Amino acid sequence: MRQLSKVDLARLDPAESTLFPSPIPVQSVSSDEFLPTPQSEKQREFEARVKDIGDQLARRHNMTRRRFFKTAAGMAAAFLAMNDTYGPLFGVSTAEAAEPERANERAARLSGQFIMDMHTHFLRDDTRLEGFVRAREAVGKAGWNPLLRGKEQTIEDLKFANYLKEIYLDSDTKVACISGSPSEEPRDWFLTNEMKADARATVNAIAGTKRLYSHGIITTRLSGLDGGHRPHGVGAQA
């Protein structure tokens, strides 16, 4: 949902070609919905630390820094730099960053952990919000999701069938919640509250347990924006 004006966009540089490609972003990045704050002093400190530790460990393992940061040990190194900058917030060890085997072992050990994604979307069958197709194409071109690179994206990729596949079959997500967005134009809601409730019922019936929740949206200051349906309430519905 782009909310930035052309003037706003002219003030921004593309993150994929401007920012240092750390496993953890080195500053806030706009999602086209807001203007990001400039890089803070602490974020600059983190960037310097993550570059330094990446250089040291990449040389030790005879690989480029970019390649190192794509490994589990590289991610551990980035969290070490976060701890050194902001304090001991993350459970990571120096050995995990220095020894790829140890990092890989921990990643494998935690692969079955419980993951809950409480902000997911798909679009209604009669949607006309084609802009999200361009967003998926941009993610593929930037390399953020290699599975999308070179793959033609269509509006069908943003509907329920592919949502079910990508959330529950292609990822490690165990429980999800469907969120959404209202609109001044009723037909441009992502989903009505009833549509979300129907999807929730479908997924939970397939799973035989509660694997999907849904947000109910109330537009208190606008009338007639619930798609002709009574809202289910505020917050996640079982």
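Because the structure is predicted, anything quoted here is derived from the model rather than measured.

Draft legend 1. Focus on the overall build of the chain. In terms of regular secondary structure, the chain is built from 10 helices and four strands. When each of the 238 residues of the chain is scored for burial, the buried share is 34%. The contacts in the chain between residues at least 6 apart in sequence include a share of 60% that link residues at least 24 apart. Accessible surface, the chain as shown: approximately 14600 Å² in total, 52% of it carbon and sulfur. One finds the centroid of the 33 positive side-chain charges in the chain at a distance of 2 Å from the centroid of its 32 negative side-chain charges.

Draft legend 2. Structural context of the pattern of salt bridges. Taken as a whole and judged by the stated rule, the model has 14 salt bridges. The partner of Glu45 in a salt bridge is Lys42, with the nearest N and O atoms 3.6 Å apart. Residue Glu45 and its partner Lys42 are both found in helix H3 (residues 41-60); the two are separated by three residues, about one turn of the helix. For Lys42, a relative accessible area of 38% puts it in the partly exposed group. For Arg65, the salt bridge identified is with Asp55, shortest N-O distance 3.2 Å. In this pair, Arg65 is assigned in helix H4 (residues 65-68) and Asp55 in helix H3, connecting sequence segments 10 residues apart. Arg65 gets classed as partly exposed once you look at its relative accessible area, which sits at 26%.

Draft legend 3. Expanded view of the packing of H3 against helix H5 (residues 72-86). Axis separation between H3 and H5 bottoms out at 9 Å; the angle between their running directions is 140°. Judged on the interaxial angle alone, H5 and H3 are oblique. Note on packing geometry: the crossing formed by H3 with H5 is right-handed. Residues Lys42, Gln43, Glu45, Phe46, Arg49, Val50, Ile53 and Leu57 of H3 pack against Ala77, Ala78, Leu80, Ala81, Met82, Asp84, Thr85 and Tyr86 of H5. The residue inventory of the contact of H3 with H5, partitioned by class, reads 10 nonpolar, two polar and four charged.

Draft legend 4. Broad picture of a positive patch on the surface. The grouping of Arg66, Arg67, Lys70 and Arg149 at the surface amounts to a positive patch. Tracing the backbone shows Lys70 in the loop between H4 and H5.

The rules behind the values
Residues numbered from 1 in each chain as written. Predicted model: local features only at pLDDT ≥ 70, side-chain atom pairs only at ≥ 80, totals over all residues. Heavy atoms only, no water. Helix = DSSP H or I, 4+ residues; strand = E, 2+ residues; numbered from the N terminus. Buried < 20%, exposed > 50% of the residue type's maximum accessible area, 1.4 Å probe, protein only. Contact = heavy atoms within 4.5 Å. Areas by Shrake-Rupley, 256 points an atom, 1.4 Å probe, with all protein chains shown as cover. Lys, Arg positive; Asp, Glu negative; His and termini not counted. Charge placed at Lys NZ, Arg CZ, Asp CG, Glu CD. Salt bridge = Lys/Arg side-chain N within 4 Å of Asp/Glu carboxyl O. Axes fitted to C-alpha atoms, helices over the stretch in contact; angles between N-to-C directions. Parallel < 35°, antiparallel > 145°, perpendicular 65-115°, else oblique. Left-handed = near helix turned anticlockwise from the far one by under 90°. Nonpolar A, V, L, I, M, F, W, Y, C, P; charged D, E, K, R; others polar. Patch = residues over 30% accessible without salt bridge, like charges linked within 9 Å, V, L, I, M, F, W, Y side chains within 5 Å.

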